Structure formats: C-alpha cells, structure tokens
Amino acid sequence: QVHMVESGGGLVQPGGSLRLSCAAPGIILRFNDMGWYRQAPGKQRELVARLTSGGTTNYADSVKGRFTISRDNAKNTVYLQMNSLKPEDTAVYYCNTLVVIPGSWGQGTQVTVSS
C-alpha cells in the first residue's frame, strides 16, 4: 500500500526557511503529478504547490514567490523549499499525488512559524 512520508518541519521564526521532504515507498514519484498540501487548525486542507510529471509547477497565491516545489528523481523524493515564512504558514504539511490514492495520506510534518 502506498503511504507518504513527510519530514523536515519544525519551529522557525518569521522570515526563516525550511525544506520539507516527501518520500513515497512503493511508487515512482516522477511518473506522478505531485502536490504539497497544508492544513491549519480549524481549516480545510489546501493545495499549496503542485509539480506535474512533466515538470510544470503551480502555486497558491498565498505562497507564490516564497515556496518552491522540486523533485529528485534519483532519490525518489519531492521537496518543498519554503522561504520568507510567515505566521500564517503555520500548519501540518502533507504531500500526495494530485489524484489521491485512498489510504495514502501520511502523518504530515508540522511547521510552526512564530517568534
């Protein structure tokens, strides 16, 4: 069964940076359209960045210019580089395919932006 594994979250001050990683044993990520999602307390999960198998990227307006999604095919890993972090970026971050495989959501990784 496919199961996403996210890592790299933590506590960071406003203006700081983090890089999140996503591994998915069992699937080859470069063949899939991938996304980074986030869920803040009391809010619905939202898609913040997407990377197609062909290499096209798209971002939510709230993170455009600050976040970068990328993929390392040799490591079968997808990354989310987050710069200029803001308190409103605080959330649990998840990765997944854009066409979500049932049961594949991972635990996510907590990102907290606070001084």
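Cut-off values and rules
Residues numbered from 1 in each chain as written. Predicted model: local features only at pLDDT ≥ 70, side-chain atom pairs only at ≥ 80, totals over all residues. Heavy atoms only, no water. Helix = DSSP H or I, 4+ residues; strand = E, 2+ residues; numbered from the N terminus. Rg over C-alpha atoms; globule rule 2.2 N^0.38 Å. Buried < 20%, exposed > 50% of the residue type's maximum accessible area, 1.4 Å probe, protein only. Pairing = 2+ DSSP bridges. Axes fitted to C-alpha atoms, helices over the stretch in contact; angles between N-to-C directions. Phe/Tyr/Trp six-rings, centres within 6.5 Å; stacked < 30°, edge-to-face > 60°. Lys NZ or Arg CZ within 6 Å of the ring centre and 35° of its normal. Core = buried A, V, L, I, M, F, W, Y, C linked by side-chain atoms within 4.5 Å. Contact = heavy atoms within 4.5 Å.

## Looking at the overall build of the chain
What the chain contains, in helices and strands, is 0 helices and 10 strands. In the chain, the succession of α and β elements from N to C terminus is β-β-β-β-β-β-β-β-β-β. Taken over C-alpha atoms, the radius of gyration comes to 13 Å for the chain, in line with the 13 Å a tight globule of 115 residues would show. With the C-alpha coordinates of the chain rotated into their principal frame, the extents come out at 40 × 25 × 20 Å. The burial tally for the chain puts 40% of its 115 residues in the buried class.

## What about the sheet that holds strand 7 (residues 67-72)?
Strands pair in a sheet through their backbones, by hydrogen bonds, and they do so in one of two ways: parallel or antiparallel. Pairing in this open sheet of 4 strands is antiparallel, and the strands run 1-3-8-7 from one edge to the other. Edge positions in the sheet fall to strand 1 (5-7) and strand 7, since each of these pairs with one other strand and no more. Neighbour-to-neighbour, the strand axes of the sheet open up by a mean angle of 20 degrees, direction not taken into account. Here 6 bridges tie strand 7 to strand 8 (residues 77-82), and the two strands are oriented antiparallel to one another. When the bridges of strand 8 are listed, Ile69 appears paired with Leu80.

## Considerations on the sheet that holds strand 4 (residues 34-39)
Taken in spatial order, the 6 strands of this open sheet run 2-10-9-4-5-6, and their pairing is mixed. The strands lining the two open edges of the sheet, one partner per strand, are strand 2 (10-12) and strand 6 (57-59). Neighbour to neighbour, the strand axes of the sheet diverge by 25 degrees on average, direction disregarded. As paired elements, strand 9 (residues 91-97) and strand 10 (residues 109-113) share 3 bridges and run antiparallel to each other. Bridging across to strand 10, Tyr93 finds its partner in Thr109.

## Some details on the packing of aromatic side chains
Across all of its chains, the model carries 2 aromatic pairs by this definition. With a centroid separation of 5.0 Å and 80 degrees between ring planes, the pair formed by Tyr37 and Trp105 is classed as edge-to-face. Placement of Tyr37 in strand 4 and of Trp105 in the loop between strand 9 and strand 10 is noted, with a sequence separation of 68 residues between them. The class of Tyr37 is buried, set by a relative accessible area of 10%. By relative accessible area, Trp105 is classed as partly exposed at 26%. A cation sits over an aromatic face here: Arg45 above Tyr94, 4.1 Å from the ring centre. Here the basic side chain of Arg45 rests over the ring of Trp105, its NZ or CZ set 3.9 Å away from the ring centre.

## A few points about the nonpolar core
Core analysis: the biggest nonpolar cluster contains 27 residues, and Trp36, Leu80, Met82 and Tyr93 have the highest contact counts within it. For this core, the secondary-structure elements that each account for two or more residues are strand 3 (18-23), strand 4, strand 5 (46-51), strand 7, strand 8, strand 9 and strand 10. With residues up to four places along the chain from it excluded, the contact list for Tyr93 reads Glu6, Leu20, Trp36, Tyr37, Arg38, Phe67, Leu80, Met82, Gly108, Thr109 and Val111.

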